[in-house]
Amino acid sequence: MIPTVILAAVVGFSALSSCDSADSSTRSPVTTADLTQAREFNEETVRGRGDTPDIIEPEPTTAVSDMESTYNYILSRLAAMDQAIHRLNVGHYTLDIKVTQLLERVSRLDNRLGDTEDAIQQVSSYCKDNRKEIGRLEGCQKGRKMGYKCVLAYRVYETYADASQKCQERGGRMAMPRDRKEQEALAEYVKSVFHGNWPVWLGINDQRSEGLYLFEDTTRVTYFQWRKHFLSSQPDGGKRENCVAMSSDDGDWWDTYCDRRMYYLCEFDV
């Protein structure tokens, strides 16, 4: 459709051409080509002025059905779940690597802990050996030498079992007078250390069998120095009193309760 402005311009142009034709016989009449050229010129002029041409509206689209909407929603949710599963797999793989690394570190730590425990046991063994050597030296320096061994009295109250353990930790054993000579030397030493009547543990007991007296090294006692008195002859404790102590004033032996706490004697090999 040709706008009205263009038609007016064409009519004006035709009138002018008719007027000019009376003066000049050489001019040619308006042709179809002239009209086409004028129309194109007018459209360019309109575009230059900023006039907006007619806009063709798009054809309306058909409405999306509910089934298609549900289908698209399910697809979007499945895509989101797929991404979540992918992230979970990545996280699980990373966690698995970290757990593997942690197990390796724990294994190395366990090996180091085992080495440390071995070192501690070795140091503990050295300490025990040192305590035994120190106890043996102390027994011979502070105590009294009696032939092939040294004897030392300890002014600490202990039960028979505890006294035996203390002597072993010091590298010795409870005093065991095996004959009259050792008994007399031991009685003299104890009397010089403890003034008055103080009972002192010896390494002798009949805990295994009543009446069968054994030394701490389980050898049988063949020499005895039991106290003999018309009022109280020893041993008299029966099955209740199974451990032997020495009296510090006269060196006589007494049977007494093993859980009684008293001073004790340790002997050490020279």
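Residues numbered from 1 in each chain as written. Predicted model: local features only at pLDDT ≥ 70, side-chain atom pairs only at ≥ 80, totals over all residues. Heavy atoms only, no water.

Asker: I'd love a proper account of the state of the cysteines, names of residues and values included.
Answerer: All chains considered together, the criterion is met by three disulfides. One disulfide bridge connects Cys140 with Cys150, the sulfur atoms lying 2.4 Å from each other. Between Cys140 and Cys150, the S-S torsion sits near 100 degrees, and that sign places the bridge as right-handed. With Cys140 in helix H3 (residues 66-142) and Cys150 in strand E2 (residues 149-158), this residue pair connects regions lying 10 residues apart in the sequence. One disulfide in the model links Cys243 with Cys258; its S-S distance is 1.9 Å. Classification of the bridge connecting Cys243 and Cys258 rests on its S-S torsion, roughly 100 degrees, and on that basis the disulfide is right-handed. Placement of Cys243 in strand E6 (residues 243-247) and of Cys258 in the loop between strand E7 (253-256) and strand E8 (262-269) is noted, with a sequence separation of 15 residues between them. (Disulfide = S-S within 2.5 Å. Helix = DSSP H or I, 4+ residues; strand = E, 2+ residues; numbered from the N terminus.)

Asker: I'd love a proper account of the pattern of salt bridges, names of residues and values included.
Answerer: In the structure shown here, the tally under the stated rule is 10 salt bridges. For Asp269, the salt bridge is made with Arg173, and the minimal N-O distance between the two is 2.7 Å. Linking Asp269 in strand E8 with Arg173 in strand E3 (residues 173-174), this pair joins segments that are 96 residues apart in sequence. Take Asp269: its relative accessible area is 38%, and that puts it in the partly exposed class. (Salt bridge = Lys/Arg side-chain N within 4 Å of Asp/Glu carboxyl O. Buried < 20%, exposed > 50% of the residue type's maximum accessible area, 1.4 Å probe, protein only.)

Asker: Report on the environment of His195, specifying residues and quantitative values.
Answerer: Topologically, His195 is positioned in the loop between helix H5 (180-193) and strand E4 (199-205). A relative accessible area of 66% places His195 in the exposed class. As for His195 and Asp249, which are separated by 54 residues in sequence, their C-alpha atoms are 7.4 Å apart.

Asker: Describe the packing of aromatic side chains, naming the residues involved and giving the relevant values.
Answerer: Inspection of the entire model under this criterion finds 11 aromatic pairs. A centroid spacing of 5.4 Å and a plane angle of 85 degrees characterise the contact between Tyr160 and Trp201, whose relative ring orientation is edge-to-face. Of this pair, Tyr160 sits in helix H4 (residues 160-169) while Trp201 sits in strand E4, placing them 41 residues apart in sequence. Trp201 gets classed as buried once you look at its relative accessible area, which sits at 0%. With a centroid separation of 6.5 Å and 90 degrees between ring planes, the pair formed by Tyr223 and Trp253 is classed as edge-to-face. Note that Tyr223 is positioned in the loop between strand E5 (214-215) and E6 and Trp253 in strand E7, a separation of 30 residues in sequence. On the basis of relative accessibility, which here comes to 14%, the residue Tyr223 falls in the buried class. Assessed through its relative accessible area of 0%, Trp253 is described here as buried. Chaining the aromatic ring pairs together yields one cluster made of Tyr213, Tyr223, Phe224, Trp226 and Trp253. For Arg170, the ring lying beneath its charged end belongs to Tyr154, and the centroid distance is 4.0 Å. (Phe/Tyr/Trp six-rings, centres within 6.5 Å; stacked < 30°, edge-to-face > 60°. Lys NZ or Arg CZ within 6 Å of the ring centre and 35° of its normal.)

Asker: For the pairing of E2, give the residues involved together with the corresponding values.
Answerer: Consecutive side chains of a regular strand alternate in pointing toward one face of the sheet and then the other. Within E2, seven of the 10 residues are buried, leaving the element largely enclosed by the surrounding structure. The sheet contact formed by strand E1 (residues 144-146) and E2 spans three bridges and is antiparallel. Counted as the bridge partner of Arg144 is Val151 from E2. Turn length for the E1-E2 hairpin, with the two strands adjacent in sequence and antiparallel, is two residues, and the turn residue Gly147 shows positive phi of about 70 degrees. (Pairing = 2+ DSSP bridges.)

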